[in-house]
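Letter by letter, the chains look like this.
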Amino acid sequence: MEAATAGNEEGRWAELTYEAIAPVYDAYTAHHDYEGWFAELLPALERNGLRGRRLLDVACGTGKSFLPMLARGWDVTACDISAAMLARARAKVGDTVELSVADMRELPTFGEFDLVWALDDALNYLLSSDELEQALRGMRGNLAPTGLLLFDVNTLLAYRTFFAETDSMAELGEGRRVVWRGQAAPDTPPGSICEAHLSVEEDKGATGGGGAQTLATHRQRHFPEAEVLEALDRAGLECLEVSGHGWDGILGKPLDETTHSKAIFIARAA
Ligand SMILES: C[S@@+](CC[C@H](N)C(=O)[O-])C[C@H]1O[C@@H](n2cnc3c(N)ncnc32)[C@H](O)[C@@H]1O
């Protein structure tokens, strides 16, 4: 795997976060139902003319967003900014998937793909419209002539609830657990940058031990629908469909920032 060439420390926020949380990522996202999610996303793609079986999974993390596609017989190429996340993906798939460290703001051209996607709010780690446009432009450069792009972003509801709450997310055994402490306000305005601290916390033992070890801080930006549509346009992409879903993953239209937790965008080269 090649090394990422992300910019300065500030620009490397997401990379440093995921390098730190890679060891617990699969544990704290174990409840994410990708099969259920894909049962909604794939028919939506098919309605928009999906054909072929070549997938580029941008910001693939530990592989959760491409494993169900491998099982469906797709040829998968994948990348992520975090080498530690990719190492976990590699441990699951060996050499069957081409995995590269890459920053989606400077996405290389890996080839021509029938489907390019970036799932589970990966784009919310981009902290400005310009970064969003750069990433979308790079994804466009990897599309086959008939290829489709799909991505999700978190809605205001996600920032006003999940990013505003404390949640004990996963038991690691021996009295240790992963704890999420959202720092956002319940009335977070559109376009805000929101943070959440992730820590590993331990029960106090008979000797009074225990405590908390903060692993990293998630920093995400909310992108309102209009801003995403403008970025798609500037990146040379035509938006085909916008929909949303709540915590159940069931797609609905129109997108509603106050009842849907995620917005889903499907696009193609303009
Ligand atoms: C919430 S995880 C989702 C991972 C995977 N797509 C999934 O569904 O499990 C977000 C991923 O985005 C990656 N990421 C964040 N900023 C990135 C960037 N600029 N370029 C590439 N990957 C990035 C992180 O390293 C992390 O693996």
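Refer to the preceding data block for the structure.
Residues numbered from 1 in each chain as written. Predicted model: local features only at pLDDT ≥ 70, side-chain atom pairs only at ≥ 80, totals over all residues. Heavy atoms only, no water.

Undergrad: I keep staring at the overall build of the protein and nothing clicks. Help me out?
TA: Secondary structure assignment for the protein yields seven helices and 12 strands. Projected onto the principal axes, the alpha-carbon positions of the protein cover approximately 65 × 45 × 35 Å. Counting every position in the protein, which comprises 270 residues, the buried fraction comes to 53%. Pairs at least 24 apart in sequence give 65% of the contacts found in the protein among residues at least 6 apart. Just so you have it, the protein exposes about 11600 Å², and 49% of that area is on carbon and sulfur atoms. (Helix = DSSP H or I, 4+ residues; strand = E, 2+ residues; numbered from the N terminus. Buried < 20%, exposed > 50% of the residue type's maximum accessible area, 1.4 Å probe, protein only. Contact = heavy atoms within 4.5 Å. Areas by Shrake-Rupley, 256 points an atom, 1.4 Å probe, with all protein chains shown as cover.)

Undergrad: Help me understand the nonpolar core in this model?
TA: Generally speaking, a soluble globular protein has its nonpolar side chains buried in company with each other. Counting 32 residues, the largest nonpolar core has Val58, Met104, Leu123, Leu136, Met139, Phe151 and Leu232 as its most contacted members. Every element with two or more residues in this core is listed here: β1 (54-58), β4 (113-118), α5 (129-140), β5 (143-154), α7 (225-234), β10 (237-245) and β12 (262-269). What Leu123 contacts, discounting residues up to four positions off in sequence, is Met104, Ala118, Leu132, Ala135, Leu136, Met139, Phe151, Val153 and Phe223. Within the second largest apolar cluster, 29 residues are counted, among which are Tyr34, Cys60, Val76 and Leu148. (Core = buried A, V, L, I, M, F, W, Y, C linked by side-chain atoms within 4.5 Å.)

Undergrad: What is the right way to read α7 from this model?
TA: Given 3.6 residues to a turn, an α-helix orients residues that are three or four positions apart in the same direction. Every buried residue of α7 is accounted for by Glu227, Val228, Ala231 and Leu232. In an axial view of α7, the angular spread of the buried residues amounts to 140°, which keeps them on one side of the axis. As for α7, its buried residues are in contact with α5, β5, β9 (211-221), β10 and β12. Positive backbone phi, approximately 80°, marks Gly236, located one or two places after α7. (Arc of directions from axis to C-beta.)

Undergrad: Would you mind showing me how to read unusual backbone geometry here?
TA: Excluding glycine, a negative phi dihedral is what most residues carry, and trans is how most peptide bonds are arranged. Residue Pro254 follows Lys253 across a cis peptide bond; omega there is -5°. Backbone geometry at Ala59 places phi at a positive 65°, although glycine is not the residue there. In this structure, Ala59 sits in the loop between β1 and α3 (67-71). A residue is classified by how much of its surface remains accessible, and Ala59, at 18% relative accessible area, is buried. Backbone geometry places Glu174, a non-glycine residue, at a positive phi of 55°. Mapped onto the elements, Glu174 comes out in the loop between β6 (166-173) and β7 (176-182).

Undergrad: Would you explain the sheet that holds strand β2 (residues 75-80) in this entry?
TA: Two modes of strand pairing occur in sheets, parallel and antiparallel, and in both the strands are linked by backbone hydrogen bonds. One open sheet accounts for eight strands, arranged β3-β2-β1-β4-β5-β12-β10-β11; its pairing is mixed. The sheet is open, and its two borders are formed by β3 (98-101) and β11 (251-252), each paired with just one other strand. Note: β2 against β3, four bridges, orientation parallel. In the sheet register, Asp80 faces β3, and the bridge partner there is Val101. Sheet strands in contact with helix α2 (residues 34-47) are β4, β5, β10, β11 and β12, and its direction is about 30° off that of β12. Here α5 sits on the sheet in contact with β1, β4, β5, β10 and β12, set at roughly 150° to β5. (Pairing = 2+ DSSP bridges. Axes fitted to C-alpha atoms, helices over the stretch in contact; angles between N-to-C directions.)

Undergrad: Where do I start with the sheet that holds β9 in this structure?
TA: Judged by pairing direction, the sheet is antiparallel, and its four strands sit side by side in the order β6-β7-β8-β9 without closing on themselves. Of all strands in the sheet, those with a lone pairing partner are β6 and β9, marking the two edges. This sheet shows a mean twist of 20° between the axes of neighbouring strands, independent of strand direction.

Undergrad: Help me understand the pairing of β4 in this model?
TA: Taken residue by residue, a regular strand's side chains alternate between the two faces of the sheet. The element β4 is extensively covered by neighbouring structure, given that six of its six residues are classed as buried. Looking at chain direction, β1 and β4 are connected through three bridges and run parallel. Considered in β4, the bridge of Asp57 is made with Trp117. Pairing of β4 with β5, which is carried by five bridges, proceeds in the parallel orientation. Counted as the bridge partner of Val116 is Leu149 from β5.

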